[in-house]
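# A look at the structure
Spelled out from the first residue to the last, the chains are:
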4 protein chains.
Amino acid sequence: MERKGAAKIRLGMVGGGRDAFIGGVHRIAARLDDQYELVAGCFSSTPEKSRASGADLGLDPARVYDDFAAMAQREARLKEGIEAVAIVTPNHMHYPAAKEFLKRGIHVICDKPLTATLAEAKKMVKAAESSGALFVLTHNYTGYPMVRQARAMVAAGELGAIRVVQVEYPQDWLTEALEATGQKQAGWRTDPERSGAGGSIGDIGTHAMNLAGFVSGLRLEAVCADMQSFVEGRRVDDNAHVLLRFEGGARGMLWSSQVAPGNENALRLRIYGEKGGLEWAQEEPNTLWHAPFGEAPRRIRRGYAGSDGAAGRVSRIPSGHPEGYLEAFATIYTEAAAAIRARAAGTALPEGVLYPGVGDGVDGVAFVDACVRSSARGGVWVTPAR
Amino acid sequence: MERKGAAKIRLGMVGGGRDAFIGGVHRIAARLDDQYELVAGCFSSTPEKSRASGADLGLDPARVYDDFAAMAQREARLKEGIEAVAIVTPNHMHYPAAKEFLKRGIHVICDKPLTATLAEAKKMVKAAESSGALFVLTHNYTGYPMVRQARAMVAAGELGAIRVVQVEYPQDWLTEALEATGQKQAGWRTDPERSGAGGSIGDIGTHAMNLAGFVSGLRLEAVCADMQSFVEGRRVDDNAHVLLRFEGGARGMLWSSQVAPGNENALRLRIYGEKGGLEWAQEEPNTLWHAPFGEAPRRIRRGYAGSDGAAGRVSRIPSGHPEGYLEAFATIYTEAAAAIRARAAGTALPEGVLYPGVGDGVDGVAFVDACVRSSARGGVWVTPAR
Amino acid sequence: MERKGAAKIRLGMVGGGRDAFIGGVHRIAARLDDQYELVAGCFSSTPEKSRASGADLGLDPARVYDDFAAMAQREARLKEGIEAVAIVTPNHMHYPAAKEFLKRGIHVICDKPLTATLAEAKKMVKAAESSGALFVLTHNYTGYPMVRQARAMVAAGELGAIRVVQVEYPQDWLTEALEATGQKQAGWRTDPERSGAGGSIGDIGTHAMNLAGFVSGLRLEAVCADMQSFVEGRRVDDNAHVLLRFEGGARGMLWSSQVAPGNENALRLRIYGEKGGLEWAQEEPNTLWHAPFGEAPRRIRRGYAGSDGAAGRVSRIPSGHPEGYLEAFATIYTEAAAAIRARAAGTALPEGVLYPGVGDGVDGVAFVDACVRSSARGGVWVTPAR
Amino acid sequence: MERKGAAKIRLGMVGGGRDAFIGGVHRIAARLDDQYELVAGCFSSTPEKSRASGADLGLDPARVYDDFAAMAQREARLKEGIEAVAIVTPNHMHYPAAKEFLKRGIHVICDKPLTATLAEAKKMVKAAESSGALFVLTHNYTGYPMVRQARAMVAAGELGAIRVVQVEYPQDWLTEALEATGQKQAGWRTDPERSGAGGSIGDIGTHAMNLAGFVSGLRLEAVCADMQSFVEGRRVDDNAHVLLRFEGGARGMLWSSQVAPGNENALRLRIYGEKGGLEWAQEEPNTLWHAPFGEAPRRIRRGYAGSDGAAGRVSRIPSGHPEGYLEAFATIYTEAAAAIRARAAGTALPEGVLYPGVGDGVDGVAFVDACVRSSARGGVWVTPAR
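Below is a summary of the structure that appears in this document.

Thresholds applied
- Residues numbered from 1 in each chain as written.
- Chains lettered and ligands numbered in written order.
- Predicted model: local features only at pLDDT ≥ 70, side-chain atom pairs only at ≥ 80, totals over all residues.
- Heavy atoms only, no water.
- Helix = DSSP H or I, 4+ residues; strand = E, 2+ residues; numbered from the N terminus.
- Buried < 20%, exposed > 50% of the residue type's maximum accessible area, 1.4 Å probe, protein only.
- Contact = heavy atoms within 4.5 Å.
- Least-squares fit on C-alpha atoms with pLDDT ≥ 70 in both.
- 1 Å grid on protein atoms, 1.4 Å probe; cavity = no way out; pocket = protein on both sides within 12 Å on 5 of 7 lines; lining within 4 Å.
- Points joined across faces, edges and corners; volume = space filled by probe spheres on them.
- Nonpolar A, V, L, I, M, F, W, Y, C, P; charged D, E, K, R; others polar.
- Core = buried A, V, L, I, M, F, W, Y, C linked by side-chain atoms within 4.5 Å.
- Pairing = 2+ DSSP bridges.
- Axes fitted to C-alpha atoms, helices over the stretch in contact; angles between N-to-C directions.
- Buried area = accessible area lost by both parts, 1.4 Å probe.
- Salt bridge = Lys/Arg side-chain N within 4 Å of Asp/Glu carboxyl O.
- Polar contact = N/O pair within 3.5 Å; in protein donor to acceptor, adjacent residues only side chain to side chain.

All names here are of chain B. The residue Gln258 is located in the loop between strand E9 (251-257) and strand E10 (268-273) in this model. For Gln258, a relative accessible area of 3% corresponds to the buried category. Ignoring anything within four residues of it in the chain, the contact list for Gln258 reads Gln171, Asp172, Trp173, Leu174, Thr175, Gly199, Ser200, Asp203, Ile204 and Asp238.

Expressed as a screw operation, the relation of chain A to chain D combines 0.0 Å of axial shift with a rotation of 180 degrees, fitting to an RMSD of 0.0 Å. On this basis, the relationship between the two copies can be described by a two-fold rotation axis.

Residues and elements named next belong to chain C. Burial within helix H4 (residues 94-102) is extensive, with seven of its nine residues counted as buried. Restricting attention to buried positions, one finds in H4 the residues His94, Tyr95, Ala97, Ala98, Glu100, Phe101 and Leu102. Elements that come into contact with the buried residues of H4 comprise strand E1 (9-14), helix H3 (68-77), strand E3 (84-87), strand E4 (107-110), helix H5 (118-129) and strand E5 (135-137).

Inspection of the secondary structure assignment puts Lys123(A) in helix H5 (residues 118-129). When the C-alpha atoms of Lys123(A) and Tyr95(A) are compared, they prove to be 7.9 Å apart, with 28 residues separating the residues in sequence.

A separate point is empty space enclosed by the protein. Sizing a probe to match a water molecule and rolling it over the atoms shows the empty space that remains. Enumeration over the complete set of coordinates arrives at 15 cavities of 30 Å³ or more. By volume, the second largest cavity is sized at about 150 Å³. Lining the second largest cavity are 14 residues, with Glu168(A), Arg270(A), Gln166(B), Glu168(B) and Arg270(B) sitting closest to its centre. Put simply, the parts of the chain that give the lining of the second largest cavity at least two residues each are strand E6 (162-170), strand E9 (251-257) and strand E10 (268-273) of chain A together with strand E6 (162-170), E9 and E10 of chain B. Residues of the lining of the second largest cavity, tallied by class, amount to six nonpolar, two polar and six charged.

By size, the foremost hydrophobic cluster in this structure holds 153 residues, and its most contacted members are Tyr36(B), Val242(B), Phe367(B), Tyr36(C), Val242(C) and Phe367(C). Residues contacting Tyr36(C), with those up to four places away along its chain left out, are Lys8(C), Ile9(C), Leu11(C), Ala30(C), Ile109(C), Tyr333(C), Ala336(C), Ala337(C) and Ile340(C). Among the nonpolar cores identified, the runner-up in size contains 152 residues, and Ala29(A), Val165(A), Ala370(A) and Val147(D) belong to it.

Residues and elements named next belong to chain B. In space, the five strands of this open sheet follow the order E2-E1-E3-E4-E5, with parallel pairing throughout. Each having just a single partner strand, strand E2 (36-42) and strand E5 (135-137) make up the two edges of the open sheet. The average undirected angle you get between the axes of adjacent strands in this sheet is 25 degrees. The pairing of strand E1 (residues 9-14) with E2 spans six bridges and is classified as parallel. Directly across from Ile9, in E2, lies its bridge partner Tyr36.

Okay, the interface of chain A and chain D next. Across the contact, 42 residues belong to chain A and 41 residues belong to chain D. Interface area for chain A against chain D, summed over the two sides, is near 3500 Å², with a carbon-plus-sulfur share of 51%. Our count for the contact surface shared by chain A and chain D stands at ten salt bridges. For Arg301(D), the salt bridge goes to Glu264(A), with nearest N and O atoms at 3.9 Å. Where chain A meets chain D, there are 23 residue pairs in polar contact (both at pLDDT 80 or more). Counting residues per element, the ones that place at least two in the side of chain A that touches chain D are helix H1 (22-32), helix H2 (47-56), strand E13 (298-301) and helix H11 (325-345) of chain A. Counting residues per element, the side of chain A that touches chain D draws most heavily on H1(A), at five residues. Grouping the constituent residues of the side of chain A that touches chain D by class yields 15 nonpolar, ten polar and 17 charged.

Shape descriptors only; they carry no functional weight alone.
Structure below.
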């Protein structure tokens, strides 16, 4: 997946200063396949912090900004200004930041969830649609090779009609009131003003829902959610139990939790159809279980016998050499680079290139909104308002 | 757990003839610890089959019956008649058979679910309460040593207050319309007349629910169920998704399925509290995972360091020598034997002896009934009618 | 595998009194499929202990003996005397006890290893050959269904010519000087007078070697062993590293250890041929991994798709209901029962019946002898003296 | 581990053109933490191929060379010439290439094994010792966080005195005569002229041996090896069984194989001491098992509770977000960058920085040499000639 001959894409970043988690991940992801060069940034709303972060990264101080709107304006005018921007702020800043770049034709690579509110999500769609630039949402789990293979297998009918989708994403880092200790990540992620009305359901449930849809190809029809804030004083859910109904009759369950001791980042998907089942777990991502009904289950490993072209397209190294989270994240960036280059060249998207977009983002925010409404009404069936 | 000095208990059996599955399991379970001697039986409603089965087992032909009522009458009058009877018929025959023995003071060891209907379940309670005999329900999964340990750990407060209970029991043997092929097990288990209104929820969902309650010590408050019959023409559910609310505020999810390819008998329980989590899976039953919050998870194995007295009481062999399903089932029988002997001797139940009874059975049937009603009404919250 | 119609075989036992481990296992194994009835025993060389043990088991006191020779004499003369005897003493008593029964035509079911010395092993062969009775050695791991399947697959050529055999059996219970604490099992198993010259290599290495030969069908040609007694003062090896050469060119490694912390009873076999590989682990015995070269590996589970007749013949319950150590042990007894009945009836051994015999026992003792000699000479290649 | 403020190190590469495997890995590793900039290269001994590879990578054509000696000469004279060079050729070219750079004071980052012969290895030591530049050998598995933690735990005495080291590295890609098909990797790796006298033992056995020494801290004293070429016509071993004796009395086993179907890259290390055991497997690298004797084993995961500073120093992302092979490889590069910068600044190596050097390389080549000699003499004990 290494760049072959093409020039690197000039990248800017909004958010991701010192102390942030996801900004550093985006930078590694952008760099891993040598597709991008980070040349500008507004790393914090605190000017000193933004500048210190820019210096850490060895950027030209003239291209380290205090304000993302100023950054968008100036970069758009520079001859060698950024071609794309990564937006890695807390959720409530995604839309205000993204719109500044979109309206100037700068491609946006935005962290998930799309926005903190459904109203903003719809504005983001408009901003993206009216822009000539691309909008890429980093639902990074879709970048794992075996997730790609699972999707391809379902699409090829290897499971037959899908009946049941079980997806879960338990963590344990909010088992206690970490937000009360001043920990930055816990702070904004449990603050509805910055994170949105969903807690675990927004932070990780959206990943789980996106993954389920990405692999199964199914559209969500209705949810029935029972959400809790187990930790006293917490302002958003820290555990969500959701029943899922899909268009066409398939059913599912989704569980997100941040209070399940012993779970790190245990996203796991199981899909069952008339002809077989698939299982995948994020913490052991190079393995995909395939159980054709009536046969012994097969352990398919990335790059090994049984692994197909959809996985191979987004792999870097041979089987048995584990690729992980950063590689999957990098794949989103590298797919985006292919799309950006195709757009620039006016050519079709190369075969197989795939990335989550603004539509996936709206689906995610609508899912959160539906779950919140369902649970608030005592756990009734609600249709997502897309 | 081997018998030490005491005489064997004389046992009869109703059901369990040639072709049956669970009857043979009960016989091994009764024999394994040398606590019982099978001396009589009515193995089938077809007289020839009953007799042939009795001959296979080497029983005295005079004690092989065509009719369970006749068996109860005669055995009750014999000087060395049976002291206990195992009832291993399809569900709808549990009550008619059990009451004949209960009213004659013969202890009953009955397969689950208790009955096919809630009305019958309530009659069974009365029959058991008005009898001087014991009633034991073979929720066999409660016999696993690591399940016993899990229960003891929760009871001792090692997890703190319980917040979340995730339990599931997927299988795949009904992925296709096996009942249409004449297969006997599939036939009665998908026939509401013989099995009750629940399909997967009655056959295996009751086991899952019982296990969740046994380990967590929580009482079910309400369910919201979405149940399907994915296989065309099937008359009962083959997949059930259930949200659980427990008294005191804990929440849970239960999934039972018989159409999940790649799953054999994958009962699995996960419990999370304020202070830690536990995980147990029936297919690898000698292992219990314990994750104290803030510490590295521990793999506790039966008989090995970390395994406690509650597990040791019901273990037969050292760690690393796997005990399985039959041993757990035998534990129910051996616990019942201890109870029967204590009853006969007029002494207290020995410390630690534990077995599921008629109350657990009613809880199970009420759970099925509530799920069926919830799902029939489109997936609303329903309180079990106990 | 339940007895069908035939009478139970009358069984005696030598050894296995209170405090013993393996005697209780043999009794459960004899009972599980209802094939035997224990009617006599000499449970200890201490008369009081023998009698107390007989009383625990509910035996007729007249058939509880202080002396195994007296037991053999009297039982041989009784009209309904024992037909078979289980010998479960420490190793050095196997031969003295067995010969008394063999010469009187009483079938012997003997724990492993065959004897404590090679000289005695050869005498045992003669005693067995000159007797009309059967000799069965309880290499119980050969009774696991998936071990049977592995053997059948190799025999059917599914792996092609075998190249490499990796077998290991680590434990940790002798990590410290347990024998110095008075623990009975540790005492005799580390005493060369009672156990033989091999420590871990005799106690568990023989199991590993037997399993490797049973599945691979290969004959051992030479060994090169490096054995240690890591615990100070220990008189036998507690860790053994052995290189294996097989007739025909295959090579292997065997590791036995009783000082490997974290290992319970971790017998594990891996076999690789020109066309594929197999892996099996005793602590998860219902699973067999099959990796046909160039295809995704398959997880074959007992009773599930991919599991064959060789496994099915010795299974009792459906897939997903784990069978364990006791069931595998019981299979040795049940196979022996089939052989005893065929011998009594003068008919051929029923198809598929398989059990380890005195020849396997000599192979095991010769293997230990060769390892001890190899290691004593500094780790040179030695041919087993069969 | 991201670069903070310091300038990127200018890097060249020898080898690693189109079709190569490991060159691309080195480039990602160099880039991942943003520590290096690739600015020059001699990617192939075929000039066209070297140039095409340089163009793929976007290098200035003036710095793409046909000849590594010319590259060393010119780059040494350039004002902004390379500071370090990555050598990723087949083994027999490591020394000829490295010496050109070492003698000009350019740091060398060299793939393993150090050289194809022991004679060359000793020359490499001299070249490294007489150079002012650093020599880094990419035994990349030492870069895994949980390997670092294992080493730190052993060094801190958590296992007590080490007794047993079990290490293995099975693969299956040479199960058939792949070298006969023209496959490039198989070609040179089975050619003793290019690879050295060791086949599997040199290619992967050296990794296993290095890992065992890195974690245990033990020095190898003697080996006894039995090596085979199972595939007809193969000129080097494809399977090696080795007994290990360490200074101080610990013992071990090493198995390397390229003909074990079902194995991808299954490097696995187990270490047992008086007080506990550790297990680590490369294909699931974020997990380290720790079994303190007498306690339940703990599953330690990178970044999660129980994971220590030695692991944390070389981690990039939170627990549950799997890091893999490329990250571990990048750690070697990032550690080298720290060493290069300290050397340039004349300061001490920062605390914790650790990388394999030329001494480790000689140990590896001496190990291969000893195994080859041992096996050639029929499997006798041989002391490595360091």
